[in-house]
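# Examining the three-dimensional arrangement
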Amino acid sequence: MRLRPTLVVFSLLLVAVVLQTTLFSQTEFVIPDLVMLVVIMLSLTRLRAEVVLGVAFLAGLAVDLLGSSVLGLRAIVFTIVAYVALRTRERADLGRVVIGLWAGLLTFTGVLLLLVIGTLFGQTVLLGDGVLELLLLVPLANSILAALFSPVVVRLVDRDTTAFRYA
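Residues numbered from 1 in each chain as written. Predicted model: local features only at pLDDT ≥ 70, side-chain atom pairs only at ≥ 80, totals over all residues. Heavy atoms only, no water.

## A closer look at the overall build of the chain
How we decide: Every helix listed is a DSSP run of H or I at least four residues long, and every strand listed is a run of E at least two residues long, numbered separately from the N terminus. Based on C-alpha atoms, the radius of gyration is set beside the globule rule, defined as 2.2 Å times the residue count to the power 0.38. Residue contacts follow a heavy-atom distance rule, with two residues in contact if any of their heavy atoms lie within 4.5 Å. Neither His nor the chain ends contribute to the count of charged residues, in which Lys and Arg are positive and Asp and Glu negative. The location of each charge is read from NZ of Lys, CZ of Arg, CG of Asp or CD of Glu.
Along its length, the chain carries 6 helices and 0 strands. What you see for the chain is a C-alpha radius of gyration of 15 Å, in line with the 15 Å of a compact globule of 167 residues. In terms of overall dimensions, the chain has a C-alpha envelope of 50 × 30 × 30 Å along the principal axes. Summarising the internal contacts of the chain: among those between residues at least 6 apart in sequence, 65% fall at separations of at least 24. Averaging the coordinates of the 12 positive side-chain charges in the chain and doing the same for the 10 negative ones gives two points 14 Å apart.

Next comes the structure, spelled out in structure tokens:
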């Protein structure tokens, strides 16, 4: 990966991790999972699949280290979501609305995996209070943000505006 895309990806993830672990962790209402959303949007770029998977794992590990969850929980979930996103990204080729729905489905998958794996390790309760809102509102928020910002992220990382097909 060249220097410019590396700096853009690092900056995007730094902002997402800082917002996710500081500002959004203090609020009471359900918020988007920004780090998962950035990982999903990076799968739309022309970065190599290995790079996207490595970035997803490291981003999840950073959130795990700064948060209070089991070390590696988000890292493995973000890696799985990135893998599914890379395998299905050609289906998100039809415009912003489809990208939003696609990102929402991937986020739903990620949140469900976090709940199931977190339950197995004693971090969360699968049938606890607020689980239904979590399963609905986080993917909805990520869908809206993906529809709005995915063209910008792809253009920032790829820098080639003639090859942009998701606008």
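## Structural notes on the side chain of Thr21
Stated precisely, the cut-off is as follows: Within 3.5 Å is the distance limit for a polar contact, defined as a pair of N or O atoms, with the added protein rule that one can donate a hydrogen and the other accept it, and that residues adjacent in sequence qualify only through two side-chain atoms.
Within the secondary structure, Thr21 sits in helix α1 (residues 3-23). Polar side-chain contacts of Thr21 include one of 2.7 Å to the backbone oxygen of Val17. Other than its neighbours up to four places away in sequence, Thr21 contacts Val63 and Leu66.

## With respect to helix α5 (residues 96-120)
To keep it simple, the criterion reads: Here the expected length of a helix is defined as 1.5 Å per residue gap, with one fewer gap than residues.
Between its first and last C-alpha, α5 extends 36 Å over 25 residues, near the 36 Å set by a 1.5 Å rise per residue. Positive phi shows up at Gly122, right after α5, with a value of about 80°.

## Some remarks on helix α2 (residues 34-42)
How we decide: Any residue under 20% of the maximum accessible area for its type is buried, any over 50% is exposed, and the rest in between are partly exposed; the area is computed with a 1.4 Å probe on protein chains only.
In terms of burial, α2 is a largely internal element, 9 of the 9 residues being buried. On its buried face, α2 sits against α1, α3 (49-66), α4 (73-88), α5 and α6 (131-158).

## Let's talk about the pattern of salt bridges
As a reminder, the rule being used: A carboxyl oxygen of Asp or Glu within 4 Å of a side-chain nitrogen of Lys or Arg is what we treat as a salt bridge.
Enumeration over the complete set of coordinates arrives at 4 salt bridges. Measuring nitrogen to oxygen at the nearest pair gives 3.7 Å for the salt bridge that ties Asp158 to Arg46. In this pair, Asp158 sits in helix α6 while Arg46 sits in the loop between α2 and α3, placing the two residues 112 residues apart along the sequence. A residue is classified by how much of its surface remains accessible, and Asp158, at 17% relative accessible area, is buried.

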